[in-house]
Amino acid sequence: MMLANYIGAVALFVIGFYAMMVKHNIIQIVIGMGLTDYGLNLMIVSIGFNEGGTAPIYTFGELTSGMYFVDPIPQALTLTSIVIGACVTAMAMALCIRLYKEYGTLDARDIRRLHG
């Protein structure tokens, strides 16, 4: 099960990185940024998962020496990363709209040629 998470995370990262490096449409580049972000988030959550672990919420009466907890730090980092990724995507899409209004195209090669 965990192997599928790692394979999926690497696949999302590679596809997103490919889209950022090869594609010329700015919207496709923004989608590639999102895929890369999702792949990294999946990897962080997968690394923090412990088979058979429980939530680290307990009282001192429930705590025993054999308890096995899931690490909450990767989950907190991933939640923060999701919020930051959503903000970055929204800002990038706003810039795409502004570029389309200014240049009339979303092809990065044409915008580069028009700008000089």
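Below is a short write-up of the structure. (Residues numbered from 1 in each chain as written. Predicted model: local features only at pLDDT ≥ 70, side-chain atom pairs only at ≥ 80, totals over all residues. Heavy atoms only, no water.)

### Re the pattern of salt bridges
A side chain of one charge can pair with a side chain of the opposite charge if their charged atoms are brought near each other. Put simply, the rule is: Counted as salt bridges are all cases of a side-chain nitrogen of Lys or Arg within 4 Å of a carboxyl oxygen of Asp or Glu. Helix and strand labels come from DSSP, where a helix needs a run of H or I of at least four residues and a strand needs a run of E of at least two; each type is numbered from the N terminus. Classification of residues uses two cut-offs on accessible area relative to the type maximum, computed with a 1.4 Å probe and protein chains only: under 20% is buried, over 50% is exposed, and between them is partly exposed.
Overall, the coordinates contain 2 salt bridges when judged by the stated rule. In this structure, the salt-bridge partner of E102 is R98, at a minimum N-O distance of 3.8 Å. Linking E102 with R98, this pair stays in helix α3 (residues 73–103), spanning 4 residues, or about one helical turn. Residue class for R98 comes out exposed when judged on its relative accessible area of 52%. The shortest N-O distance in the salt bridge between D107 and R109 comes to 3.1 Å. Taking the relative accessible area as the measure of exposure, R109 reaches 37% and is therefore partly exposed.

### Observations regarding helix α1 (residues 2–22)
Operational definition: Expected helix span is taken as 1.5 Å per residue step, with the number of steps being one fewer than the number of residues. Between two residues, a contact is recorded if the distance between any of their heavy atoms is within 4.5 Å.
Taking 1.5 Å of rise per residue, 21 residues should cover 30 Å, and α1 covers 30 Å from first to last C-alpha, within 8% of that figure. Packing partners of the buried residues in α1 comprise α2 (26–48).

### Things to note about the environment of Y6
Assignment of secondary structure puts Y6 in helix α1. With relative accessibility at 30%, the residue Y6 sits in the partly exposed group. When the C-alpha atoms of Y6 and F49 are compared, they prove to be 12 Å apart, with 43 residues separating the residues in sequence. Once you skip the residues sitting within four places of it in the chain, Y6 turns out to touch M43, S46 and I47.

### Some details on the side chain of T105
Mapped onto the elements of the fold, T105 is located in the loop between α3 and α4 (108–115). Residue contacts for T105: discarding those within four places in its chain leaves L99, Y100, D110 and I111.

### Topic: the packing of aromatic side chains
So the rule is basically this: The rule is short: rings of Phe, Tyr and Trp, with Trp giving its six-membered ring, pair when the centres are within 6.5 Å, and they are stacked under 30 degrees, edge-to-face over 60, tilted in between.
One pass over the structure, following the stated rule, counts 1 aromatic pair. Centroid distance F13 to F17: 6.1 Å. Interplanar angle 10°. Geometry classified as stacked. Taken together, the residues span about one helical turn, with F13 and F17 both in helix α1 at a distance of 4 residues.

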